Amino acid sequence: MENKKTGLIVALDTSDRQQVESLVTALRDKVAYFKVGLQLFSTFGPEIVTWIKSTGGKVFADLKLHDIPNTVARAAVALTGHRVDMLNVHLSGGPTMVETMVTEVRKYAAAHDLPVPVLLGVTVLTSTSETEYLQLGYNESLNERVVRLAKMGRECGLDGVVASPREAVLIREACGSEFIIVTPGIRPRWAAKNDQRRITTPGEALNLGANYLVVGRPIVQAGDPAAAADKILAEMEGDCDAAS
Ligand code: C5P
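Quick notes on the rules
Residues numbered from 1 in each chain as written. Predicted model: local features only at pLDDT ≥ 70, side-chain atom pairs only at ≥ 80, totals over all residues. Heavy atoms only, no water. 1 Å grid on protein atoms, 1.4 Å probe; cavity = no way out; pocket = protein on both sides within 12 Å on 5 of 7 lines; lining within 4 Å. Points joined across faces, edges and corners; volume = space filled by probe spheres on them. Nonpolar A, V, L, I, M, F, W, Y, C, P; charged D, E, K, R; others polar. Salt bridge = Lys/Arg side-chain N within 4 Å of Asp/Glu carboxyl O. Helix = DSSP H or I, 4+ residues; strand = E, 2+ residues; numbered from the N terminus. Buried < 20%, exposed > 50% of the residue type's maximum accessible area, 1.4 Å probe, protein only. Core = buried A, V, L, I, M, F, W, Y, C linked by side-chain atoms within 4.5 Å. Contact = heavy atoms within 4.5 Å. Polar contact = N/O pair within 3.5 Å; in protein donor to acceptor, adjacent residues only side chain to side chain. Expected span 1.5 Å × (residues − 1). Pairing = 2+ DSSP bridges. Right-handed = clockwise from strand over helix to strand, strands pointing away.

**Topic: the layout of surface pockets**
Estimates place the volume of the largest pocket at around 870 Å³. Lining the largest pocket are 36 residues, with Lys35, Lys64, Thr126, Pro184 and Gln196 sitting closest to its centre. Looking at the lining of the largest pocket, its residues break down into 15 nonpolar, 12 polar and nine charged.

**Notes on the pattern of salt bridges**
All told, the structure shown has 10 salt bridges when counted by the stated rule. Between Glu47 and Arg17 there is a salt bridge, with the nearest N and O atoms lying 2.7 Å from each other. Within this pair, whereas Glu47 is found in helix 3 (residues 47-54), its partner Arg17 is found in helix 1 (residues 17-27), the two being separated by 30 residues in sequence. The class for Arg17 is partly exposed, based on a relative accessible area of 21%. Close ionic contact of Asp62 with Lys35 constitutes a salt bridge, the shortest N to O distance being 2.6 Å. With Asp62 in strand 3 (residues 59-65) and Lys35 in strand 2 (residues 33-37), this pair connects stretches of sequence that are 27 residues apart. For the pair shown, Asp62 and Lys35 are each scored as buried.

**Notes on the nonpolar core**
Most often, soluble globular proteins keep nonpolar side chains buried together rather than apart. Formed by 63 residues in total, the largest nonpolar core has its most connected members in Leu8 and Met101. With 13 residues, the next largest nonpolar core counts Ala11, Val182, Tyr212 and Val214 among its residues.

**Focus on the side chain of Thr200**
Looking at where Thr200 falls in the secondary structure, it is placed in the loop between strand 7 (180-183) and helix 9 (202-207). A relative accessible area of 8% means that Thr200 is categorised as buried. When neighbours within four sequence positions are excluded, Thr200 is seen to be in contact with Pro165, Gly185, Ile186, Arg187, Ala205 and Leu208.

**Overview of the environment of Thr43**
One can find Thr43 in helix 2 (residues 38-44). Through-space distance from the C-alpha of Thr43 to that of Trp190 is 31 Å; in sequence the pair is 147 residues apart. Of note is the side chain of Thr43, whose polar atom sits 3.5 Å from the side chain of Ser15.

**Here we look at helix 7 (residues 142-155)**
Here helix 7 is 14 residues long and its end C-alpha atoms lie 20 Å apart, about the 20 Å a rise of 1.5 Å per residue gives. Of all the positions in helix 7, only Leu142, Arg145, Val146, Val147, Leu149, Ala150, Met152 and Gly153 are classed as buried. Where helix 7 is buried, its residues contact helix 5 (95-111), helix 6 (130-135), strand 6 (160-162) and helix 8 (165-175).

**Quick look at the pairing of strand 2**
Counting buried residues in strand 2 gives five out of five residues, a clear majority hidden from the surface. Sheet analysis places strand 1 (residues 7-11) next to strand 2, joined by three bridges and oriented parallel. Bridge pairing in strand 2 places Ile9 opposite Tyr33. Each parallel crossover has a hand, and the one from strand 1 via helix 1 to strand 2 is right-handed.

Next up, the structure:
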């Protein structure tokens, strides 16, 4: 398990194999993990994970698993077998689902002499607006739910959560300094906001307690992705010139 680390996670949100290859080649020495989400995984299957790993890159399988405990555990075990370095499940699947997944992944990794991936939970999707959240009918506020789910995840043995930078302070307070917080919704001042709404800059997200920052379009769609990544890394290291 990795603690107190910070780093950049690049979301490889594309179905273009050539673009994936050129991004991974250009960025593999700069980023902590490449995020393989549903789009990429559904397009190329586990082979894309194997290929990224063959270049020396680390893989975060952002598949947000959510199903009955046995199904989620088997899928997470399969991903562990594909040597992913980080994976996630929806915490709303409940403690039995999360605990079964953690137990089975650890068992499988030990039996096959593999490292245990960093195991993360998704609290409430940051794309869920307050209005939409009310329609779901929960009898607690969005922040209360995020914190309760994060604590539940920690008690079930997860290493951390994926959450909005705005929730990072509350989660850090509730779950302690060792808990890993991965935050999307990151926009440097020089980048377009796209469809992201509740954004922070890389420096702000780290100040709020995030460990790993997920960045997609500001890097993936940049004319020079390596230069864009360098600028963001410089801002993460506190270089104010890079932030302007
Ligand atoms: O291009 P952009 O930087 O907005 O990409 C952010 C990435 O983080 C995308 O892959 C998106 O699916 C993911 N993500 C997000 N908000 C969440 C969870 C994941 O933006 N709550």
